[in-house]
Amino acid sequence: MTTIAFIGLGNMGGPMAANLVKAGHMVKGFDLSEAALETAAANGIECKSAVETAVQDAEVIVTMLPSGKHLLAVYNQVVPLISTGALLIDSSTVDVASAREAHDLAAQAGLKSLDAPVSGGVGGAAAGTLTFMAGGSDEAFASALPYLEIMGGKQVHCGDNGAGQAAKICNNMILGISMIGVGEAFNLAEKLGLSHQALFDVASTSSGQCWSINSYCPVPGPVPTSPANNDYKPGFATALMLKDLKLAQEAAASVGANTPLGAQATQLYGLFDAAGQGGVDFSGIINMLKGDE
Ligand code: NAD
């Protein structure tokens with residue numbers, strides 16, 4: 001049994017921490033939200049009223065926070081209090097620069113650290129089937145693996161410090177762009193008198209195939225589990241897609257990468273979000289592209 005501190009017990013962190021408890025670990029949790037603490041306590045997490053108490057004696061510290069700003073604030077507060085040799089795993093989605101700064105803070109204090117953002121959403125967090133994309137040393141990855149295996153179904157060591165966050169934003173930039181492309185194609189097909197099913201049957205088995213069509217088709221019908229069949233309830237909310245696209249744009253600017261479609265996708269999801277659709281699944285952008293929203 002390992003003593004684990006879990007900081008950030010929200011939609012993702014709550015169920016991830018609960019899975020660590022189910023696997024037999026002692027999990028001490030902290031969150032600024034009373035509601036999150038109550039749910040976590042009901043799931044067997046020993047909730048603390050201060051972050052300092054949560055990290056006391058912890059061998060592993062997992063963070064699942066909204067952004068890089070929150071992550072660095074927490075690390076600055078707790079890193080000096082953590083026992084030497086402990087392992088820090090940050091699974092939040094944050095900008096690459098903050099992730100690297102967090103690694104530096106850990107290294108200065110003699111702690112192992114891993115950036116390990118996830119994909120798979122709230123459903124994957126609850127089911128323990130998340131995909132982890134990790135950045136950090138081989139030693140940190142090896143130490144984290146037993147815990148990542150409890151919370152997820154797949155773990156990829158992407159490279160050194162920040163590589164997990166880099167993989168996450170590149171993947172989500174592909175997803176954001178491809179969903180717009182798929183939405184435009186279905187809208188065009190409709191105007192040309194082609195049925196949704198006919199385009200799906202062709203494109204899902206031809207060179208247009210991609211996850212946005214095959215697994216998450218943005219029109220009702222062809223893929224019964226896609227949010228299009230459930231009034232575009234997320235799934236993956238537009239506001240979160242926009243957050244990740246902005247992180248990708250920030251990263252692209254910092255290294256001089258040319259990402260014209262990434263920039264255009266950020267602008268389009270920004271418009272969708274500004275139209276009050278931030279809580280709608282990101283695949284719902286098909287309706288804005290059509291001109292219905
Ligand atoms: P959330 O808002 O539900 O949870 C974040 C939690 O952090 C909140 O409960 C908040 O009170 C807490 N918090 C903020 N500052 C804190 C502090 N200083 N100390 C302690 N707790 C603090 O968000 P979420 O959906 O759980 O997402 C968490 C992270 O995971 C984000 O970075 C998000 O981008 C990423 N992510 C989310 C999803 C998803 O589908 N929700 C999927 C993949 C990745």
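Not measured: the values here are computed from a predicted model.

### Some words on the pairing of strand S5 (residues 87–90)
- Neither face of S5 is exposed, since Leu87 and Ile89 on one face and Leu88 and Asp90 on the opposite face are all buried.
- The pairing of strand S4 (residues 60–63) with S5 spans four bridges and is classified as parallel. Bridge pairing in S5 links Val62 to Ile89.
- In this fold, the crossover linking S4 to S5 by way of helix H4 (residues 68–78) has right-handed handedness.
- Two elements, S5 and strand S6 (residues 112–115), share four bridges in a ladder whose sense is parallel. The partner of Leu88 across the bridge, within S6, is Ser113.
- What joins S5 to S6 is helix H5 (residues 96–108), and the crossover it makes is right-handed.

### So, the nonpolar core
- Counting residues in hydrophobic clusters, the biggest one holds 91 residues, and the most contacted among them are Phe6, Ala17, Val60, Ile61, Ile89, Ala144 and Tyr269.
- Considering every element that reaches this core, the biggest residue donor is helix H8 (residues 163–191), with eleven residues.
- Look past the residues within four positions of Tyr269 in its chain and what remains in contact with it is Gly176, Thr238, Met241, Leu242, Leu245, Phe282 and Ile285.

### Looking at the environment of Ala252
- Relative to the helices and strands, Ala252 is located in helix H11 (residues 238–255).
- Assessed through the 18 C-beta atoms surrounding it within 10 Å, Ala252 is described here as partly exposed.
- Separated by 224 residues in sequence, Ala252 and Lys28 have C-alpha atoms that sit 37 Å apart.
- Setting aside residues up to four positions removed in sequence, Ala252 forms contacts with Ala257, Thr259 and Gly262.

### Here's the deal with the UniProt feature "active site" (unreviewed entry) in the chain
- UniProt marks Lys168 with the feature "active site" (unreviewed entry), using the numbering shown here.
- Relative to the helices and strands, Lys168 resides in helix H8.
- Once residues within four sequence positions are removed from consideration, Lys168 is found in contact with Thr93, Pro117 and Met133.

### Description of the UniProt feature "domain: 3-hydroxyisobutyrate dehydrogenase-like NAD-binding" (unreviewed entry) in the chain
- On the UniProt side, "domain: 3-hydroxyisobutyrate dehydrogenase-like NAD-binding" (unreviewed entry) is annotated at positions that read residues 162–289 here.
- Between the end C-alpha atoms of residues 162–289 there is a gap of 34 Å, over a span that is 64% helix and 0% strand.

### So, the packing of H4 against H5
- Running from amino to carboxyl end, H4 crosses H5 at an angle of 10 degrees, the nearest separation of the two axes being 9 Å. The pairing of H4 with H5 is recorded here as roughly parallel in orientation. Taken together, the residues of H5 that come into contact with H4 (itself represented by Gly68, Leu71, Leu72, Tyr75 and Asn76) are Ser98, Glu101, Ala102 and Leu105.
- Its residues assigned to classes, the contact of H4 with H5 comprises five nonpolar, three polar and one charged.

### Considerations on the site of the ligand
- Around the ligand, 28 residues are found, and the nearest of them are Gly8, Gly10, Asn11, Met12 and Thr93.
- When contributions to the shell around the ligand are tallied by element, the ones reaching two or more residues are H4, strand S7 (118–119), helix H6 (121–127) and H11.
- Take the shell around the ligand: its biggest share by element is three residues, from H4.
- Here the shell around the ligand is composed, by residue class, of 16 nonpolar, ten polar and two charged.
- Residue assignment places the shell around the ligand across two domains, with domain 1 (3–160) and domain 2 (166–290) each supplying three or more.

### Some thoughts on unusual backbone geometry
- In this structure, Gly235 follows Pro234 across a cis peptide bond, with omega equal to 15 degrees.
- Of note in this structure, Asp57 is not a glycine but carries a positive phi near 65 degrees.
- Mapped onto the elements of the fold, Asp57 is located in the loop between helix H3 (51–55) and S4.

### Thoughts on the domain arrangement of the chain
- Domains assigned within the chain are domain 1 (3–160) and domain 2 (166–290).
- Its C-alpha centre places domain 1 at a distance of 29 Å from the equivalent point of domain 2.
- Domain 1 puts nine residues into the contact, and the matching count from domain 2 is ten residues.
- Among the residues making up the side of domain 1 that touches domain 2, the classes are represented as five nonpolar, three polar and one charged.

### Some words on the environment of Ile7
- Locating Ile7 in the fold gives a position in strand S1 (residues 3–7).
- Put simply, Ile7 and Ala109 are 102 residues apart on the chain and 19 Å apart in space, counted from C-alpha to C-alpha.
- Filtering out sequence-adjacent residues up to four positions away, Ile7 remains in contact with Phe30, Val51, Ala54, Ile61, Thr63 and Val74.

### Topic: the packing of H8 against helix H12 (residues 260–277)
- Close contact between H8 and H12 brings their axes to 9 Å; oriented N to C, the two are set at 70 degrees. Here H8 is positioned roughly perpendicular relative to H12, judged by the angle of their axes. Between H8 and H12 lies a crossing of left-handed hand. For the pair formed by H8 and H12, the contact residues are Met173, Gly176, Ile177 and Ile180 on the first element and Leu261, Gly262, Ala265, Leu268 and Tyr269 on the second.
- Broken down by class, the residue content of the contact of H8 with H12 amounts to seven nonpolar, two polar and no charged.

Rules and cut-offs
- Residues numbered from 1 in each chain as written.
- Predicted model: local features only at pLDDT ≥ 70, side-chain atom pairs only at ≥ 80, totals over all residues.
- Buried ≥ 20, exposed ≤ 12 C-beta atoms within 10 Å, placed from the backbone.
- Helix = DSSP H or I, 4+ residues; strand = E, 2+ residues; numbered from the N terminus.
- Pairing = 2+ DSSP bridges.
- Right-handed = clockwise from strand over helix to strand, strands pointing away.
- Core = buried A, V, L, I, M, F, W, Y, C linked by C-beta atoms within 7 Å.
- Contact = placed C-beta atoms within 7 Å.
- UniProt positions renumbered as here; feature names shortened; annotations may be inferred.
- Axes fitted to C-alpha atoms, helices over the stretch in contact; angles between N-to-C directions.
- Parallel < 35°, antiparallel > 145°, perpendicular 65-115°, else oblique.
- Nonpolar A, V, L, I, M, F, W, Y, C, P; charged D, E, K, R; others polar.
- Near = placed C-beta within 6 Å.
- Domains from an automatic or database assignment.
- Left-handed = near helix turned anticlockwise from the far one by under 90°.

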